[in-house]
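Residue strings, one per chain:
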Amino acid sequence: MEFNVKKLASDAGVFFSRAMQFTEEKLGQAEKTELDAHFENLLARADCTKNWTEKILRQTEVLLQPNPSARVEEFLYEKLDRKVPSRVTNGELLAQYMTEAANDFGPGTPYGKTLIKVGETQRRLGAAEREFIRSASINFLTPLRNFLEGDWRTISKERRILQNRRLDLDACKARLKKAKAAEAKAALWNDEVEKAEHELRLTQTEFDRQAEVTRLLLEGISSTHVNHLRCLHEFVESQTNYYAQCYQFMLDLQKQLGSSKGEIFSGTFVGNADSASPAAATSPPTVAAATLPAVPTIPVVPTIVGVPNTMAEGVLNPNEVKPPASGTRRARVLYDYEAADSTELALLADEMITVYSLPGMDPDWLIGERGNQKGKVPVTYLELLS
């Protein structure tokens, strides 16, 4: 009991001494031991690393999980050391709704069939997103979090100890200075000077030892940067694979929908127009505003005005075709495209061309014109403009 009381009294005395030294330094009434420039640079670099790692970590968490409530739930599960429950992605939920809607509307109807196709693609997109989130969490978020919760806590602890050692050192310097001033006035040697010098030697040794420990930890920040750089490359690779998968899924879906689009629109809109009243037949369908003019498939074409007979035989010579009087549109090229043969038109990303369709053409292709050049172009490489 007596030992504990003495220890508490000693700790209180040390805390009071440090508080006094710190206050006097802030007021400019006491000298402060300055660290060398290299050490100060290491401290600044460590603080910069910690601050930016926190920001990158938090924003990456927002990127992977935009829902703040879900992020809080995942954080609580991690703190309780429990497995985070599997959560349905937005794409998978949309796929579920589309499939259920298709069953209600009739899976054999054009709309139902399309809902099933789009829903399946959304499910695949959701599964790819889940895998991307898992990979990014393991290869990127976890190392950043481990640094903040592990290495940085150790560095912070040693820095606090170094700060206390410095305050003790400067307090001993101040006591020695006062003792020497008192000695000079009394013109005799006293025990206070000897005691102050002994305490100064001890605190100087402890400070130097702690400064070396802290310096080694701060220099380890360079290794942290190397590790985070490797993790960043893995994050980019995961993200690249994810977006490449999404792009391929959407290309496949676009081809599936494009192959059936002509049949659907021909049966739905052109057929209805024939049975409608004359006034209704002259009004263009609303769908035509968002797509190229729908042209019914013509199985046998003896003669088509403006199109040579080779078109009817399935052979297209772009130089022999003429654009229709109406139905041409402007399009922006999304990606570079290298022509496979003389009937195709090579494309450069971001250039503008004129496109149109011809009766009997494959719905995945259009005729493109750029100045005097003309040829077939794939629809998936274009953004059709109004």
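The structure this text deals with has already been given above.
Sequence order sets the numbering: in each chain, residues are counted from 1 along the sequence as written. A pLDDT threshold of at least 70 governs which residues receive local features in this predicted model, and a stricter bar of 80 or more applies before side-chain atom pairs are shown or counted, although totals over entire chains, interfaces and linings include all residues. Hydrogens are left out, water is left out, and the side-chain values use all remaining heavy atoms of the structure.

Caption draft 1: Quick peek at the overall build of the chain. Counting from the N terminus, the helices are the DSSP runs of H or I reaching at least four residues and the strands are the DSSP runs of E reaching at least two. Scanning the chain from N- to C-terminus turns up nine helices and five strands. For the chain, the N- to C-terminal ordering of α and β elements is α-α-α-α-α-α-α-α-α-β-β-β-β-β. Accessibility here uses a 1.4 Å probe with only protein chains present; expressed as a share of the type maximum, an area under 20% marks a residue as buried, one over 50% as exposed, and anything in between as partly exposed. Counting the 386 residues in the chain, one finds 29% classified as buried. Of the contacts formed within the chain by residues at least 6 apart in sequence, a portion of 67% connects residues at least 24 apart. Accessible surface, the chain: about 24600 Å² in total, of which carbon and sulfur atoms supply 57%. Any pair of residues with heavy atoms lying within 4.5 Å of one another is described as a contacting pair. Accessibility throughout is a Shrake-Rupley quantity obtained with a 1.4 Å probe, and a residue counts as covered only by protein chains that appear here.

Caption draft 2: Focus on the packing of helix H2 (residues 37-64) against helix H6 (residues 191-219). All axes here are fitted lines through C-alpha atoms, helices being fitted over the stretch that makes contact, and every angle between N-to-C directions spans 0 to 180 degrees. Look at H2 against H6: their axes get within 9 Å of each other, and the N-to-C directions meet at 50°. On the basis of their axis angle, the class for H2 and H6 is oblique. When you trace H2 past H6, the crossing you get is left-handed. Between H2 and H6, the contacting residues are His38, Phe39, Leu42, Leu43 and Ala46 on the first element and Ala211, Thr214, Arg215, Leu218 and Glu219 on the second. Working rule for angles: under 35 degrees goes down as roughly parallel, over 145 as roughly antiparallel, 65 to 115 as roughly perpendicular, anything else as oblique. It is the rotation of the near helix from the far one that decides the hand of a crossing: anticlockwise by less than a right angle makes it left-handed, clockwise makes it right-handed.

Caption draft 3: Molecular detail of the nonpolar core. By convention a nonpolar core is built from buried Ala, Val, Leu, Ile, Met, Phe, Trp, Tyr and Cys residues, the set being connected through side-chain atoms within 4.5 Å. Ranked by internal contacts, the top residues of the largest apolar core, which has 34 residues, are Phe39, Phe132, Phe140 and Leu218. Among the secondary structure elements, those contributing two or more residues to this core are H2, helix H5 (110-186), H6 and helix H7 (221-275). With 16 residues, the single largest contributor to this core is H5. If sequence neighbours within four positions are ignored, Leu218 has contacts with Phe39, Leu42, Leu43, Ala46 and Ile155. Grouped together as the second largest cluster of nonpolar side chains are ten residues, Ala331, Val333, Val355 and Leu366 included.

Caption draft 4: Fine view of the sheet that holds strand E5 (residues 382-384). Reading across from one edge, E4-E3-E2-E1-E5 is the order of the five strands in this open sheet, with antiparallel pairing throughout. Of all the strands in the sheet, just strand E4 (373-378) and E5 have a single pairing partner and so form its edges. Each adjacent strand pair in this sheet contributes to an overall mean axis angle of 40°, direction not counted. At least two DSSP bridges between two strands are required for those strands to pair. Taken together, the four bridges between strand E1 (residues 329-333) and strand E2 (residues 352-356) define a ladder with antiparallel strand orientation. Bridge pairing in E2 places Ala331 opposite Ile353.

Caption draft 5: Fine view of the packing of aromatic side chains. For Phe, Tyr and Trp, where Trp contributes only its six-membered ring, two rings pair if their centres lie within 6.5 Å, and the inter-plane angle classes them as stacked under 30 degrees, edge-to-face over 60, or tilted in between. Scanning the entire structure with this criterion turns up ten aromatic pairs. Where Phe132 meets Phe235, the ring centres are 6.2 Å apart and the plane angle is 35°; that geometry is what we call tilted. Of the two residues, Phe132 sits in helix H5 while Phe235 sits in helix H7, which places them 103 residues apart along the sequence. The same class applies to Phe132 and to Phe235, which are both buried. With 5.8 Å between their ring centres and 90° between their planes, Tyr335 and Tyr381 make a pair best called edge-to-face. With Tyr335 in the loop between E1 and E2 and Tyr381 in the loop between E4 and E5, this residue pair connects regions lying 46 residues apart in the sequence. Under the relative-accessibility criterion, Tyr335 is labelled partly exposed at 34%. Feature note: the residues Phe132, Phe140, Phe235, Tyr242 and Tyr243 constitute an aromatic cluster, connected by ring pairs.

Caption draft 6: Focus on the pairing of strand E3 (residues 365-370). Pairing between E2 and E3: three bridges, direction antiparallel. Counterpart to Val355 in the pairing with E3 is Gly368. In the sheet, E3 pairs with E4 via six bridges, with the strands oriented antiparallel. The partner of Leu366 across the bridge, within E4, is Val377. Where E3 folds back onto E4 in an antiparallel hairpin, the turn is made up of two residues, including Gly371, whose phi is positive at roughly 65°.

Caption draft 7: Region of interest: the side chain of Thr224. Among the structural elements, Thr224 can be located in helix H7. Excluding anything up to four places from it in sequence, Thr224 contacts Phe147 and Asp151.

Caption draft 8: Main features of the pattern of salt bridges. A pairing counts as a salt bridge when a side-chain nitrogen of Lys or Arg comes within 4 Å of a carboxyl oxygen of Asp or Glu. This model, assessed by the stated rule, comprises 17 salt bridges. One salt bridge in this structure joins Arg145 and Glu61, with 2.8 Å as the shortest N-O distance. Linking Arg145 in helix H5 with Glu61 in helix H2, this pair joins segments that are 84 residues apart in sequence. The exposure class assigned to Arg145 is buried, which follows from its relative accessible area of 17%. Taking the shortest distance from any N to any O, the salt bridge between Asp350 and Arg332 comes out at 2.9 Å. Of this pair, Asp350 sits in the loop between E1 and E2 while Arg332 sits in strand E1, and the two are 18 residues apart along the sequence. Residue classification places Arg332 among the partly exposed residues on the basis of a relative accessible area of 27%.

Caption draft 9: Structural detail: the side chain of Glu351. Along the chain, Glu351 turns up in the loop between E1 and E2. The residues contacting Glu351, other than those within four sequence positions of it, are Ala331, Arg332, Val333, Ala346 and Arg370.

Caption draft 10: Up close: helix H4 (residues 90-105). The terminal C-alpha atoms of H4 lie 22 Å apart, and with 16 residues this matches the ideal 22 Å at 1.5 Å per residue to within 8%. Residues of H4 that are buried include every one of Gly91, Glu92, Ala95, Met98 and Ala102, and no others. With its buried residues spanning 120° around the axis, H4 presents them on a single face. In H4, the exposed positions angled more than 90 degrees off the buried face are occupied by Asn90 and Asp104. Following H4 by one or two positions, Gly106 has its phi on the positive side, about 110°. One fewer than the residue count of a helix, multiplied by 1.5 Å, yields its expected span. Working note: the arc is built from the helix axis to C-beta atom directions.

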